[in-house]
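Take a look at the letters that make up each chain.
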Amino acid sequence: MKITAQEEYGLRILIRIAACKDTAGMSIPQLSEAEGLSSHYVAKLTRILRMAEFINSTPGNKGGYVLAKPAKKIVIKDVLKALGGVLFDKEFCGLHAGSMKLCTNSVDCSARSLWQMIQFTVDQLLDKVTLHDLANTEKESGKIFHDMLDQYQAFAASHSVKA
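Residues numbered from 1 in each chain as written. Predicted model: local features only at pLDDT ≥ 70, side-chain atom pairs only at ≥ 80, totals over all residues. Heavy atoms only, no water.

Caption draft 1: Geometry of a nonpolar patch on the surface. Together, Leu149, Tyr152 and Phe155 line one region of the surface with nonpolar side chains, adding up to about 300 Å² of accessible area. Within the secondary structure, Leu149 sits in helix α8 (residues 138–158). (Patch = residues over 30% accessible without salt bridge, like charges linked within 9 Å, V, L, I, M, F, W, Y side chains within 5 Å. Areas by Shrake-Rupley, 256 points an atom, 1.4 Å probe, with all protein chains shown as cover. Salt bridge = Lys/Arg side-chain N within 4 Å of Asp/Glu carboxyl O. Helix = DSSP H or I, 4+ residues; strand = E, 2+ residues; numbered from the N terminus.)

See below:
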C-alpha cells in the first residue's frame, strides 16, 4: 500500500494552513515555498481542498487560504478520501483482474478479506484523527497518537480483544 504524492502533499498543505496564525491565511506562493512544491501543483491541491470544503480562499492582494471550519471538525479520513480515495474499494478487484475480464478469484478470494479488514482498520483510526491533532509539533502529535494507542489497548484488554 502506498500513500500517493497528492495525499501526502495535500495533507501537508492543509496542516500548514491550519497552523497559520495570519487571518489572511497562506497564499499559493507561501505554501509553495514552505513545502518546496511548484505553484502549479499547490494550486491544484488547494483547488481540491477548496472543492471538498476544507479551505476557503480569502480575497484581495494579500489573500490566501484559511480553514473553512475549525481544525477539530476536519476528520483526516475525509481529507484523504477527497485527495485520493480509499485503499480498497468495490472497484479494486475489477482493476486487478490480470489479463482476464474478471479476476480468477472473484467468487472466492481470501485476499479480498484481508484488504477489507485493512481498509476497515485504517478507516477506524483515520476517523478518530482530526486536523487539530496534526497541526502540532511531531512530538505533540506523537503524544496524541500514543494516547490513542493506550486507550485502544485498554479497551481491548477490558473486552478480551487481542491488540
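Caption draft 2: Broad picture of the packing of helix α1 (residues 5–19) against helix α4 (residues 76–84). Running from N to C, α1 and α4 cross one another at 130°; their axes reach a closest spacing of 9 Å. With respect to α4, the axis of α1 lies oblique. The chirality of how α1 crosses α4 is right-handed. When α1 is examined against α4, the residues Gln6, Glu7, Gly10, Leu11 and Leu14 are found in contact with a partner set consisting of Ile76, Val79, Leu80, Leu83 and Gly84. Classifying every residue of the contact of α1 with α4 by side-chain character gives six nonpolar, three polar and one charged. (Axes fitted to C-alpha atoms, helices over the stretch in contact; angles between N-to-C directions. Parallel < 35°, antiparallel > 145°, perpendicular 65-115°, else oblique. Left-handed = near helix turned anticlockwise from the far one by under 90°. Contact = heavy atoms within 4.5 Å. Nonpolar A, V, L, I, M, F, W, Y, C, P; charged D, E, K, R; others polar.)

Caption draft 3: Geometry of the nonpolar core. If you look at the biggest cluster of nonpolar residues, it comprises 26 residues, and the most contacted ones within it are Ile13, Leu14, Leu49, Ile76, Val79 and Leu131. At the level of elements, α1, α3 (39–51), α4 and α7 (131–134) are the ones that each hand at least two residues to this core. In terms of residues, this core owes the most to one element, α1, which gives five residues. Each residue touching Val79, except ones within four places of it in the same chain, is listed here: Leu11, Leu14, Leu49, Phe54 and Ile74. (Core = buried A, V, L, I, M, F, W, Y, C linked by side-chain atoms within 4.5 Å. Buried < 20%, exposed > 50% of the residue type's maximum accessible area, 1.4 Å probe, protein only.)

Caption draft 4: Helix α2 (residues 28–35), seen in detail. When we look at burial in α2, the residues that qualify are Leu31, Ser32 and Glu35. Down the axis, α2 shows its buried residues gathered within 100° of arc, on one side only. With respect to the buried face of α2, the exposed residues turned more than 90 degrees away are Pro29 and Glu33. Gly36 sits one or two residues past α2 and shows a positive phi near 70°. (Arc of directions from axis to C-beta.)

Caption draft 5: Representation of the confidence of the model for the chain within the structure. Across the chain, pLDDT averages 84, with 84% of residues at or above 70. Predicted confidence in the chain is weakest over helix α5 (residues 92–95), with a mean pLDDT of 56, and strongest over α3, with 97. (pLDDT = per-residue confidence, 0-100.)

Caption draft 6: α8, seen in detail. Between its first and last C-alpha atoms α8 spans 30 Å; for 21 residues at 1.5 Å apiece the expected length is 30 Å, and the two agree. Restricting attention to buried positions, one finds in α8 the residues Ser141, Met148 and Ala156. End-on view of α8: buried residues confined to an arc of 75°, all on one side of the axis. The exposed residues of α8 that point more than 90 degrees off its buried face are Lys139, Lys143, Gln151, Ala157 and Ser158. Next to the buried residues of α8 lie α6 (110–126) and α7. (Expected span 1.5 Å × (residues − 1).)

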